[in-house]
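# Summary of the model geometry
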Amino acid sequence: MNPILSLENLGYAYPTLKTDQPPEWVLRGVNLAVQEGEFLSIMGPTGVGKTTLCLALNGIVPQLTGGTIRGRVLVDGLDTCSTPVAELSRRVGVVFQDPETQIFNPSVEAEVAFGLENLGISRTEMCQRIDWALDRVSMRAFASSSPAHLSGGQKQRVAIASILVMRPRVLVLDEPTANLDPAGKAEVLDAVAELRRSGGTTVVFVSHESDFIAELSDRVVVLNEGVVALQGSPAEVFARTGELQTIGLQLPQVCEVANQLNRLEGTHFSFHRMDQARTALHSALQVEQ
Amino acid sequence: MPAVSLQTRDLTFSYLPGSPVLRGINLEIAADTFTAVIGQNGSGKTTLMKHFNGLLRPASGQVLVDGEDISRQPVSELARRVGYVFQNPDHQIFSASTRAEVAFGLRNLGLSEGDVQARTDQVLEEFHLLPYAHRQPATLSFGLRRKVSIAAVFAMQPGLLILDEPTSGLDWKSTQELLDLLHARNRQGTTILLITHDLRLVADLIPRCLAMSAGQVTAHGATHEVLANPATNGALKNGLPPVHQLAASLKNQGFPANVFTVDDFGAAYRATSESLRGDAA
Amino acid sequence: MNNLGTFYVPRESWVHRADPRVKLLLVAALWAVLLLRQSFDITLAVLLLLHALHLAARLPRENIGFIWKAFLPMLILIPLLWSVFSGVGAPLSVLGFLRVYPQGAMRGMLLALRLVSMAFALFLWLYTTEPGVMLVGLVKLNIPYPWVLVFSMALHYIPAVQALYHSVSEAQQARGLRLEGGGFQRLRRMMPILVTVMIGGLRMTDQLTRALEARAFGVKGVRRTYLREVRFRPADYAYLAMILLGTAALLMIQVG
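Description of the structure in this document.

Turning our attention to the overall build of chain C. The secondary structure content of chain C amounts to ten helices and two strands. Reading the helices (α) and strands (β) of chain C from amino to carboxyl end gives α-α-α-α-β-β-α-α-α-α-α-α. For 256 residues, the compact-globule estimate of 2.2 N^0.38 gives 18 Å, and chain C exceeds it by more than 25% at 24 Å. Oriented by its inertia axes, the alpha-carbon framework of chain C measures out at about 65 × 60 × 30 Å. Counting only residues that meet the buried cut, chain C has 28% of its 256 residues in that class. Partitioning the contacts of chain C with sequence separation of at least 6, the portion at a separation of at least 24 is 71%.

Once that is clear, we can look at the packing of helix α2 (residues 20-36) of chain C against helix α6 (residues 131-140) of chain C. Residue and element names in this part refer to chain C. Between α2 and α6, the least distance of the axes is 9 Å, while the angle of their chain directions is 80°. Here α6 runs roughly perpendicular to α2, going by the angle between their axes. Taken together, the residues of α6 that come into contact with α2 (itself represented by Pro20, Arg21 and Leu24) are Val133, Met134, Gly137 and Lys140.

Now for the sheet that holds strand β2 (residues 19-29) of chain B. Residues and elements named next belong to chain B. Taken in spatial order, the four strands of this open sheet run β2-β1-β4-β5, and their pairing is antiparallel. Looking along the sheet, the strands with just one partner apiece sit at the ends: β2 and β5 (68-69). Sheet topology note: the strand β1 (residues 6-16)/strand β4 (residues 60-65) ladder contains five bridges and is antiparallel. Residue Thr8 lies in a different strand from β4, and its bridge partner there is Val63.

A few words on helix α3 (residues 40-56) of chain C. Between its terminal C-alpha atoms α3(C) stretches 24 Å, which fits the 24 Å expected from 17 residues at 1.5 Å a residue. Looking at the residues trailing α3(C), positive phi occurs at Arg58(C), about 60°.

Analysis parameters
- Residues numbered from 1 in each chain as written.
- Chains lettered and ligands numbered in written order.
- Predicted model: local features only at pLDDT ≥ 70, side-chain atom pairs only at ≥ 80, totals over all residues.
- Helix = DSSP H or I, 4+ residues; strand = E, 2+ residues; numbered from the N terminus.
- Rg over C-alpha atoms; globule rule 2.2 N^0.38 Å.
- Buried ≥ 20, exposed ≤ 12 C-beta atoms within 10 Å, placed from the backbone.
- Contact = placed C-beta atoms within 7 Å.
- Axes fitted to C-alpha atoms, helices over the stretch in contact; angles between N-to-C directions.
- Parallel < 35°, antiparallel > 145°, perpendicular 65-115°, else oblique.
- Pairing = 2+ DSSP bridges.
- Expected span 1.5 Å × (residues − 1).

The following block contains the structure:
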């Protein structure tokens, strides 16, 4: 089956400020295919190019950012260098990190409607879709609220709804919990988990939240030094403890528990999810009795 | 600058009349301590911290730095003793070079040019920022800008260092490197207050903790005790590290409730399995 | 006045329900009357009408008070200046050397009242029209959508830039920046704040552009639609007629 997104040896350098400065390659040959319907998580050290990668998925990189690009990105067969960004945005919806800079309409409803207005959707369909999108992120009750009255978690959910409403084939979330307090984080992660459960949308989830990533992803991709360093199921990737530590990433805490117990107690645990951990520890302690 | 101690007496503050954000806070922070400040958004953490460098003045009550009431001292004077690193590095970065950015605060303090250069070099080295010394800091990546903003305040060598969410957006390795630098500073004689939402970080790496809720201090002391305190626990349930939830699910097997780190969990596992083996024997 | 820079006060009233274009016409018509008729009686009549409309719109009394308070300095200063400097009408000698022109003072007062009335008219429109509806109304008046968007985004971003300024000022002061002094010296001292805010402003613009593009803004081959509906109802035609007739009357009526 043809992947919905295909990154072929993607390399990218932002434009330099001085003409004699050589280009600094942020991405150095990323090869990645995203299949329709999957929940793909992307991890990597700060500054490795995760946001750049997200922007490359809808053409903002390189069309709005300039710079030098190598290789190519295909979105549903369309080349991101030659197809207009607004056109690509119908297929790939990117939710940025900071909700403050994405929200500029006077009401939640108006905010969610904005993308649909740009796409020329009829009013009746707009109202239906807005209700649907706000429902998916549990923000329906706030439709007429002013965004200024919302908490960080609520704002980020509105930002997600306003992209979701456009029914993109792929939803890209660039560190959606970055600036949120634990309550806001939980709200947003619950909303994302709900999207995962109800299925239908392909999700690319960029984050440092390894616990969440371990629980929900179909596949995990680890970027390091501009390329894909590790790739596979959460079980496969989070078993590579040494490499993850060298790259500088945090393991899901239950994995650290497994590693610690294996090292100190001679056990042979290999869980990466909370439910697996519970079951394994339960039976292990049962055996003792 | 030697480590600074803090005291507040019945500190009250509101942004709008009628809705107090801080309600009669009585607090003592000893010199040389390293304390995490935790609490939900709106609990008053940042508001309280801003009283320590004069950005906010109490509506009633007192703020004492090293035993002195600071209500008459201007913010720029207090900057000598109290360093404040804001959450968003882009709210302070403006210079043409990283070196100049670090030197800015030092020049404000009126140091001699020789001292300015010496301290700048030292701090750029400490933070591994020498390769970027001549680059315009606004063009660096986020992680580096974060480092620059922290380095710029470190260079001023304040006796009290307040950091507002310095690790948000950083990967684990950078977080650990920063905490190492903070611990080193703390040992050399600096009191540190670190506002954060990352309870895993607090449980693993920060010795003391101050918990706030609805404008009051609910717990203050060693981290483990504060996290185990039911008042704190209830308010921060969402944010407690996964090991806590895992331990709670094994309660029926005899697992203790107060598990907050992987080490805690390991010890609890050993104790529980030994006692179960003992029972079986 | 309000969060997000909008002045809209939601209420159930016929004024609120009226088409935004009709209300805009009212503002334009009243401004024309105020500018073209130099008469105390007409100006006071318009002011009275606007107060009546404010009350009919069920707007809180504080809103009326807010405008009067904002214009108080002008209401005192303008007549005062005109009384001394205008040279209109017969002067009264006061205090020997100072000449006071009572007719000048009256002219000044008229000017000040005219300005207050114009403000009341504009605020009536802003208080009773939802931003989304205002936007669509302007588009239906054939103002290009990008211009209207810029206008409504400006309303949003002004408080955002203010907040940024405040945060940056705090951050730089915490690094020992002193802000005393006046005039040019103070401006120089503020450079670290101003430069940081400018960089922040550029970043905001950049991020906003990306956010717009990510929501298909400007996609080709599509006619833009709008969530809010703005359509003339029978009542609006009636208001339109009343405004046109009323304006004509006010422009032509002979006042003693």
